[in-house]
Amino acid sequence: MSTTVFAPPPIITMPITGRTERFAVGRVFCAGRNYADHVVEMGGKVSTEPPVIFTKPASALVCDGADVPYPRATSELHHEVELVLALGKPLADASPEDAVAAIYGLAVGVDLTRRDVQAKAKAHGAPWAAAKAFDHSAPIGPLTVLENPMNAFTGPIALSVNGAVKQSGDLAQMLWSPPQLLAHLSTLFDLHIGDLVFTGTPQGVGPLQRGDYVEAQAQGTTGFSFTVI
Ligand code: MN
């Protein structure tokens, strides 16, 4: 096998509640506009079209409760709390039933967004990479292995800043449920073991400042917290 001129990039892993092994992360897909109340608060129209899909690099994940540095090139960093699906089987052109069977575990994550940068991109019809895929843009809690998919996608999802609740919704409010969303995503991409899917955020997104203490929770996941530094 050939050698490489520089050391290969590190494998990104996240912890699994109750296990010593970690979960090796492949790609990170994200759905936007998947809760009607958030679509409305952003000035959009609710439609039956599939959610917008974008990605973050796996290296953007912040695990194990590490601090999150306030990113450069923004003065409007927003929080978006989201249920995250972790795949334990590959999927391509899958049915919603097959998609559910491919979910290894759930986590709660925060899709950090440079809202000012995103607003400019939207105004110009430009891609969202600089608004969404920056370093440290995806703090996430540990994976919880999914034991009972039948009851997994309903229940509260919430985020608080310095103890004050800012986002409070229910997973059942998703316009495209996790099985439907995964099935749709698998029509666009060959999904692999290790891929993560952020499933969108309910209303209440808002700004974060240096020093803020953020707590995130979602039904069926292990909650977590981080500090913006
Ligand atoms: Mn989001």
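Everything in this summary refers to the structure shown in the same document. (Residues numbered from 1 in each chain as written. Predicted model: local features only at pLDDT ≥ 70, side-chain atom pairs only at ≥ 80, totals over all residues. Heavy atoms only, no water.)

Helix and strand counts for the chain stand at five helices and 17 strands. For a compact globule of 229 residues, the expected C-alpha radius of gyration is about 17 Å, and the chain comes in at 17 Å, within 12% of that figure. Over its C-alpha atoms, taken along the principal directions, the chain stretches across nearly 45 × 45 × 40 Å. When the accessible surface of the chain is split by element, carbon and sulfur atoms take 56% of a total near 10800 Å². Looking at the chain, you have 15 positive and 21 negative side-chain charges, and the mean spots of the two groups are 7 Å apart. (Helix = DSSP H or I, 4+ residues; strand = E, 2+ residues; numbered from the N terminus. Rg over C-alpha atoms; globule rule 2.2 N^0.38 Å. Areas by Shrake-Rupley, 256 points an atom, 1.4 Å probe, with all protein chains shown as cover. Lys, Arg positive; Asp, Glu negative; His and termini not counted. Charge placed at Lys NZ, Arg CZ, Asp CG, Glu CD.)

Once that is clear, we can look at the sheet that holds strand S12 (residues 156–161). The sheet built from four strands is open, its strands ordered S13-S12-S16-S17 with antiparallel pairing. Pairing within the sheet leaves two strands with one partner each, and these edge strands are strand S13 (164–170) and strand S17 (224–227). Pairwise comparison of adjacent strand axes, ignoring direction, gives a mean angle of 15 degrees for this sheet. Relative to strand S16 (residues 213–218), S12 runs antiparallel, the two sharing five bridges. Within S16, the position partnered with Ile 157 by the bridge is Ala 218. (Pairing = 2+ DSSP bridges. Axes fitted to C-alpha atoms, helices over the stretch in contact; angles between N-to-C directions.)

Before going further, it helps to examine helix H3 (residues 115–123). Structural remark: α-helix, 3.6 residues per turn; residues separated by three or four positions point the same way. Buried within H3 we find Arg 115, Gln 118 and Ala 121. When H3 is viewed along its axis, its buried side chains cluster within an angular range of 115 degrees and face the same direction. Along H3, exposed side chains directed more than 90 degrees from the buried face belong to Lys 120 and Ala 123. Elements that come into contact with the buried residues of H3 comprise helix H1 (36–41), strand S6 (77–79), strand S9 (113–114) and helix H4 (129–132). Trailing H3 by a residue or two, Gly 125 shows a phi angle of about 60 degrees, which is positive. (Buried < 20%, exposed > 50% of the residue type's maximum accessible area, 1.4 Å probe, protein only. Arc of directions from axis to C-beta. Contact = heavy atoms within 4.5 Å.)

Think of a pair of aromatic rings as described by two things: how far the centres are apart, and how the planes are tilted against each other in angle. Evaluation of the coordinates by the stated rule reveals four aromatic pairs. With centroids separated by 4.8 Å and ring planes inclined at 50 degrees, the aromatic side chains of Phe 29 and Phe 189 adopt a geometry described as tilted. With Phe 29 in strand S3 (residues 28–32) and Phe 189 in the loop between helix H5 (178–188) and strand S14 (196–198), this pair connects stretches of sequence that are 160 residues apart. When the ring of Phe 224 is compared with that of Phe 226, the centres are 5.9 Å apart and the planes differ by 25 degrees; the resulting orientation is stacked. Given a relative accessible area of 11%, Phe 224 falls into the buried group. (Phe/Tyr/Trp six-rings, centres within 6.5 Å; stacked < 30°, edge-to-face > 60°.)

This part takes up a nonpolar patch on the surface. On the surface, a nonpolar cluster with roughly 230 Å² of combined accessible area is contributed by Val 40, Val 46 and Leu 175. Within the secondary structure layout, Val 46 lies in the loop between H1 and strand S4 (52–56). (Patch = residues over 30% accessible without salt bridge, like charges linked within 9 Å, V, L, I, M, F, W, Y side chains within 5 Å. Salt bridge = Lys/Arg side-chain N within 4 Å of Asp/Glu carboxyl O.)

The coordination sphere of the manganese ion, as far as protein atoms go, consists of Glu 80 (OE), Glu 82 (OE) and Asp 111 (OD), spread over 2.0 to 2.2 Å. Sequence positions of the residues that donate to the manganese ion give the spacing E-x1-E-x28-D. Of the two residues, Glu 80 and Glu 82, both sit in the buried class. (Donors = N, O, S within 2.8 Å, 3.2 Å for Na, K, Ca; no water.)

A few words on the pairing of S17. Of the two faces of S17, only one is covered, namely that formed by Phe 224 and Phe 226; the face formed by Ser 225 and Thr 227 stays uncovered. In terms of strand pairing, S16 meets S17 through four bridges, oriented antiparallel. For Glu 215, the partnering residue across the bridge sits in S17 and is Ser 225. The turn joining S16 and S17, which pair antiparallel and follow one another in sequence, is formed by five residues; a positive phi near 85 degrees is taken by Gly 220.

Within H5, eight of the 11 residues are buried, which leaves it mostly tucked inside the rest of the structure. What H5 keeps buried is the set Pro 178, Pro 179, Leu 181, Leu 182, Ala 183, His 184, Leu 185 and Ser 186.

Moving on to the side chain of Thr 201. In this structure, Thr 201 sits in the loop between S14 and strand S15 (206–207). Take Thr 201: its relative accessible area is 2%, and that puts it in the buried class. A polar atom in the side chain of Thr 201 sits 2.8 Å from the backbone oxygen of Val 81. Of the polar contacts made by the side chain of Thr 201, one reaches the side chain of Gln 167; its length is 2.8 Å. In this view, Thr 201 contacts Tyr 35, His 38, Glu 80, Val 81, Glu 82 and Gln 167; residues no more than four positions away in its chain are not counted. (Polar contact = N/O pair within 3.5 Å; in protein donor to acceptor, adjacent residues only side chain to side chain.)

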